[in-house]
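# Remarks on the overall topology
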Amino acid sequence: MKVNWASIFRNSRTFFIRGNFSTQFLSSGIGWRLNPSVIAAFTTKIKDSEDNVRKTIQEFYFQSRGSRFKHVRKLDDALALYGEMVRIQPLPSEVEFTQLLNAVVKMKCYSDAVTLFNDMCLQGIRIDGLVLHTVMNALCSLPRVDLGFAVLVRFIKSGHVLDAPIFSTLLKGLYREDKFQEAHDLFLKIFVEKLCEPDVVLLTTVIDGLCKLGFTSRALNLLRLFEKKGICSPDVFAYSTVIDSFCKDEMVDNAIELLTEMIDNGIAPGVVTYNSLIHGLCNSDRWEEVEVMLKQMADYRVAFDVHTYNILVDGFCKRGWVKDGLKVIETMFQNGVEPDVVTYAALLDGYCSQGKMNEAEKLLKNMIHWGCKPDIFTYDILMNGYCKNGNVDKAIQVFQSLPQKGLKPDTVSYGTILDGLFNVGRFDDAMNFLNVMESSEGICPNIVIYNIILDGFVKNNCVSHALGLLSTMEEMKGLIPGIRSYNIVLHGLLKDGNFASGFNLFNSLPSKGLKPNAMTYGIMISALCNDNRLDDAKNVLRQMEKNGCVPNSCTYNVLIRELVKGKDHSGAVLLLQEMKSHGFLPDNTTCEMIFKSISTDGPGSDLLHMIQNIEERS
């Protein structure tokens, strides 16, 4: 939203005419916006109009101050209130200005909050510690933590007491900008120089920052240190933050272990704690343990919230158990929990994944009928469903209808259509759609979009285009291609039999600061197997293990099949043993190939004897 700050602050008398704003009538709940015709009418009867509008704003102000401005949720309304407040003589207390400023920060209109703060200074409004903390929060959220530290200097010069919330805000700003070392140094400085009395919020801020930057183990060590020393003992939020991070890192056993430790330390888990664990267990297909966790929630009298149910609906639908997802929704109604747009979006995704697009369309219509307005995320799911089921034109129709529904396509929307067009071989249409995307206001292609384009080039036999685009991406500011980008191009090169360029790209990864993952090695091994270069494939497997990258099920299955096909039965059996030790099993295709080989060789099959020996030893 563009705001004419100059006219607002230059002449408060004409504020209501010049400021492009909407006034919310709290009593009636009706909002209106000044348009050119209204402005023209105002100009003819300016005095009467200004009096009427000002009277409305005054009523709005008195109602808002009674609720400490908590119900002010639109920037234009906040500006209208501020314009009225600076006209009142004597000026309202700094507490009211602080409350209004805080309301603007909660709207996430951080730049506007800073501008309001600057004008408060010009108006001579007293700036206390609470105002400074509010503007510091806005600056750190922009993110401009450097300016947040400038506010800290003003804190010190003004003689205000520095407390834990101030440093929590600065630490949060540093972590938000990935400035781990600076955050670490500030945290140490707080303790060494005793800058403030640390509290549990400050501790949780540091733990959360470490987890978000991928340092979950360090966060756990810090939590345990504070628990052991008795310094602002960690609370349920601190423990829940680490548990959630473990679950997101697919380290659910560590999360469960910490839950036990948490309970032993006398801290009762909350619904947020259990939601993280249930989500992690659902993602790991550990359904029996999900049931145990739900029972434990009931034992501890922790009520399920809408997020708990949503996790279950999403988990069931992602596994294709849509009927079970529907049963969960029925339970929600029975327990008085209203399903929200996330609930229905999960069910919609379940229908789309099963190709039941008619059911998906019915659900969407019912959502609207039930008063649950679908958001852009919901329509993104629907468009993806159409694309995955080969009906890209229907997806495009949904895309084109979004503005009529009051929704603006996001990057995911564009990426979905783009991917759908590439997948059905409509290369020219995809490139035309890309041009439309680049000309759209507010849409900037991100790394996900570029990966879709790379993948589209590869799928449509334009690998040289993909290689050229990858080189361009390497030179673009603010867009760093990750290992997925290189995996896509590597797959294209090797699929085309261009092993020289493929190996060059693979060998260049360390110089780009990238580490090959299981997918990278899997692409290499699969291509070498297809080219009957089994020794090279086995060498890549050993290199993979040497570099600390555990092969996945797909990698093992591909190599075992090629070894069986090439009659290298001893090599195949060794890999079967290794595969089993890592918790993987041969897939159906591999099993069929093994059985076929044994059947062809008859009772004297050496492969059969080797497998029998493995079973006897185990």
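You'll find the structure just up there.
Below is a summary of the structure that appears in this document.

What counts as what
- Residues numbered from 1 in each chain as written.
- Predicted model: local features only at pLDDT ≥ 70, side-chain atom pairs only at ≥ 80, totals over all residues.
- Heavy atoms only, no water.
- Axes fitted to C-alpha atoms, helices over the stretch in contact; angles between N-to-C directions.
- Helix = DSSP H or I, 4+ residues; strand = E, 2+ residues; numbered from the N terminus.
- Parallel < 35°, antiparallel > 145°, perpendicular 65-115°, else oblique.
- Left-handed = near helix turned anticlockwise from the far one by under 90°.
- Contact = heavy atoms within 4.5 Å.
- Nonpolar A, V, L, I, M, F, W, Y, C, P; charged D, E, K, R; others polar.
- Salt bridge = Lys/Arg side-chain N within 4 Å of Asp/Glu carboxyl O.
- Buried < 20%, exposed > 50% of the residue type's maximum accessible area, 1.4 Å probe, protein only.
- Phe/Tyr/Trp six-rings, centres within 6.5 Å; stacked < 30°, edge-to-face > 60°.
- Disulfide = S-S within 2.5 Å.
- Core = buried A, V, L, I, M, F, W, Y, C linked by side-chain atoms within 4.5 Å.
- Expected span 1.5 Å × (residues − 1).
- Arc of directions from axis to C-beta.

As a further point, take the packing of helix α26 (residues 447–459) against helix α27 (residues 463–475). Two elements in contact, α26 and α27, have axes separated by 7 Å at closest approach and are oriented at 155 degrees. Taken together, the axes of α26 and α27 are roughly antiparallel relative to one another. Like other packed secondary-structure pairs, α26 and α27 cross with a definite hand, here left-handed. Contacts between α26 and α27 involve I447, Y450, I453, L454, F457 and V458 from the former and V463, H465, A466, L469, L470 and M473 from the latter. A breakdown of the residues in the contact of α26 with α27 according to their chemical character gives 11 nonpolar, one polar and no charged.

Attention shifts here to the pattern of salt bridges. Where charged atoms from two side chains of opposite charge approach closely, those side chains can pair. Using the criterion set out here, one finds 26 salt bridges in the structure. Across the pair D568 and K538 runs a salt bridge whose closest N-O atoms are separated by 3.2 Å. Of this pair, D568 sits in the loop between α32 (553–565) and α33 (569–581) while K538 sits in helix α31 (residues 534–546), placing them 30 residues apart in sequence. Take K538: its relative accessible area is 27%, and that puts it in the partly exposed class.

A few words on the packing of aromatic side chains. Taken as a whole, this structure holds 18 aromatic pairs when the rule is applied. Here F399 and F433 contribute two aromatic rings whose centre-to-centre distance is 5.3 Å and whose plane-to-plane angle is 65 degrees, an arrangement assigned as edge-to-face. You can see F399 sitting in helix α23 (residues 392–401) and its partner F433 sitting in helix α25 (residues 427–438), a full 34 residues away along the chain. Judged on exposure class, the residue F399 and its partner F433 are both buried.

Turning to the state of the cysteines, a few remarks are in order. Two cysteines form a disulfide when their sulfur atoms are joined by a covalent bond. This model, assessed by the stated rule, comprises zero disulfides. Looking at C196, it has no disulfide partner, and the nearest cysteine sulfur is the one in C232, 9.6 Å off. On the basis of relative accessibility, which here comes to 11%, the residue C196 falls in the buried class.

What follows is about the nonpolar core. Core analysis: the largest hydrophobic core is formed by 189 residues, its most contacted members being L171, L202, I207, V242, I278, L382 and L418. Considering every element that reaches this core, the biggest residue donor is helix α30 (residues 518–530), with eight residues. In contact with L202, other than residues within four places in its own chain, are A164, F167, S168, L171, F187, I190 and C196.

A few words now on helix α21 (residues 357–369). For α21, with 13 residues, the first-to-last C-alpha span of 18 Å sits near the 18 Å given by 1.5 Å per residue. If you check which residues of α21 are buried, you get M357, A360, L363, L364 and M367. All buried residues of α21 fall inside an arc of 110 degrees around its axis, so they share one side. The exposed residues of α21 that point more than 90 degrees off its buried face are N358, K365 and H369. Contact partners of the buried residues in α21: α20 (341–353) and α22 (376–388). Among the residues trailing α21, G371 stands out with phi positive, at a value near 85 degrees.

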